[in-house]
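Fold and geometry: a report
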Amino acid sequence: MNNKYDLIYEGKAKKVFSHDDADKVIIEFKDDATAFNALKKAKFEGKGKLNCLISAKIFKLLINNNIPTHFLELYNENTMIAQKIKVIPLEVVLRNTAYGSLCKQTTIKSGTVFAKPLIDFYLKNDELNDPLITKDRIELMKILSSNDLNLIIELTLKINAILKIFFKKIGLQLVDFKLEFGYDYKNKILLGDEISPDNCRLWDVNKENGTIVSLDKDRFRNDLGDLMEAYAEINRRINDSTEFNP
Ligand code: UDP
């Protein structure tokens, strides 16, 4: 990144830099991958670029469907310009199909497809290992007002409806995903962070025999094969989709 900009924050997968305009930031996507609260780490050359390009396309799709997001434009292939937001310390997970931590913590069988999506909240706190948190605890801790919490739930359900249809069109089952939101300078809630195979579970399901191929970070978490090949495949399908080739 051009050293004319100050590094404001560095997370596990992204660096955030200042922008000439104080209401904006420049977000650089790193090649690092972490799992299990950073207990497992690796670097994949080109992952930052793919996640940045995929996220930019998904943000555009959401913006076209009236979802308020922080995304403004790509700066280069692994960097985007976004509205500066005060990040709400919550991970909002929506699940269409049971998998991952849900099946470790409950008796729900892996692969169960839900009639109605399930939304789980986790407190963003590495020291506490991002615990599952309730709506009442969120209000008690004054993380969000009841109104804003309802708005976030409404936005998450709308985002799911848009993404589920989009990914189905490109042959993928949207199992679950994690979102983060924040407040802009006008105190408006915007979708932040990224939407990529790092924080979405995307399954390529074989229609004939039902076998599932994960095209997401589970390849890294569970050693299921080449991560970059999966991310490149997602990027290719998005770029080839009718959505982006009208
Ligand atoms: N997720 C994420 N960041 C996290 C935890 C989960 O992006 O710190 C995403 C994950 O990629 C998946 C969804 O949220 O798409 C649900 O993850 P789950 O709670 O099942 O946790 P996991 O099994 O990954 O530990």
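Residues numbered from 1 in each chain as written. Predicted model: local features only at pLDDT ≥ 70, side-chain atom pairs only at ≥ 80, totals over all residues. Heavy atoms only, no water.

**Looking at the site of the ligand**
For clarity, the cut-off: Throughout this document, a residue counts as near a molecule or strand when at least one of its heavy atoms sits within 4 Å of that molecule or strand. Whenever two N or O atoms come within 3.5 Å, that pair is a polar contact, provided that in protein one can donate a hydrogen and the other can accept it, and provided that, for residues adjacent in sequence, both atoms are side-chain atoms. All accessible areas in this document rest on Shrake-Rupley with a 1.4 Å probe, and a residue is counted as covered only by the protein chains that are shown. Helix numbering and strand numbering both begin at the N terminus, where a helix is a DSSP run of H or I of at least 4 residues and a strand a DSSP run of E of at least 2. Only Asp, Glu, Lys and Arg are considered charged in this grouping, and only Ala, Val, Leu, Ile, Met, Phe, Trp, Tyr, Cys and Pro are considered nonpolar; every other residue, Gly among them, is considered polar.
Taken together, 15 residues form the shell around the ligand, and within it Arg95, Ser101, Asp176, Arg201 and Arg221 come nearest. Between the ligand and Glu91, the relevant distance is 3.3 Å, taken from an oxygen atom to a side-chain nitrogen or oxygen of the residue. Protein coverage of the free-state accessible area of the ligand, which is 500 Å², stands at 80%. Every element with two or more residues in the shell around the ligand is listed here: strand 9 (90–97), strand 12 (173–179) and strand 15 (200–205). Class assignment of the residues belonging to the shell around the ligand gives a composition of five nonpolar, three polar and seven charged.

**What about the sheet that holds strand 13 (residues 181–183)?**
The test is simple: Two strands form a pair only when DSSP identifies at least two bridges running between them.
The three strands lie next to each other as 8-13-14, forming an open sheet whose pairing is antiparallel. Of all strands in the sheet, those bounded by a partner on one side alone are strand 8 (86–87) and strand 14 (189–191). Summarising the sheet, strand 13 and strand 14 pair through three bridges and their orientation is antiparallel. Its bridge partner lying in strand 14, Tyr183 is registered against Ile189.

**Digging into the sheet that holds strand 9**
Strand order in this open sheet of six strands is 11-10-9-12-15-16, and the pairing throughout is antiparallel. Here the strands that pair on one side only, and so sit at the sheet edges, are strand 11 (132–133) and strand 16 (212–214). For strand 10 (residues 113–123) and strand 11, the ladder comprises two bridges, and the chain directions are antiparallel. Bridge pairing in strand 11 links Phe121 to Ile133.

**As for the packing of helix 1 (residues 47–64) against helix 6 (residues 227–240)**
To be explicit about the condition: Throughout, an axis means a line fitted to C-alpha atoms (over the contacting stretch in the case of helices), and angles, computed between N-to-C directions, take values from 0 to 180 degrees. In what follows, roughly perpendicular refers to angles from 65 to 115 degrees, roughly parallel to angles under 35, roughly antiparallel to angles over 145, and oblique to any angle outside these ranges. The sense of a crossing depends on the near helix, which, turned anticlockwise from the far helix by less than a right angle, makes the crossing left-handed and, turned clockwise, makes it right-handed. Any two residues having at least one pair of non-hydrogen atoms within 4.5 Å are treated as being in contact.
It is at 10 Å that the axes of helix 1 and helix 6 come closest, and there the two elements cross at 30°. With respect to helix 6, the axis of helix 1 lies roughly parallel. Read as a crossing pair, helix 1 and helix 6 show a hand that is left-handed. Between helix 1 and helix 6, the residues in contact are Lys47, Leu50, Asn51, Leu53, Ile54, Lys57 and Ile58 and Leu227, Met228, Tyr231, Ala232, Ile234, Asn235, Ile238 and Asn239, respectively. For the contact of helix 1 with helix 6, the per-class residue count stands at ten nonpolar, three polar and two charged.

**Examining the pattern of salt bridges**
Quick reminder of the rule: What counts as a salt bridge is simple: a side-chain nitrogen of Lys or Arg found within 4 Å of a carboxyl oxygen of Asp or Glu.
Tallied over the entire structure, the rule returns 25 salt bridges. When the shortest N-O distance is used, the salt bridge between Arg95 and Asp176 registers 3.8 Å. Here Asp176 lies in strand 12 and Arg95 lies in strand 9, a separation of 81 residues in the sequence. With a closest N to O distance of 2.6 Å, Asp218 and Arg201 form a salt bridge.

**Quick word on the packing of helix 1 against helix 4 (residues 146–169)**
Each packed pair of helices is defined by two parameters, the angle between the axes and the distance between the axes. Direction vectors running N to C along helix 1 and helix 4 enclose 120°, while the axes themselves pass 10 Å from each other. By the angle class used here, helix 1 and helix 4 are oblique. Considering how the two elements wind past one another, helix 1 and helix 4 form a crossing that is right-handed. Facing Ile58, Leu61 and Leu62 of helix 1, the residues of helix 4 in contact are Ile159, Ile162, Leu163, Phe166 and Phe167. Of the residues that constitute the contact of helix 1 with helix 4, the class distribution is eight nonpolar, no polar and no charged.

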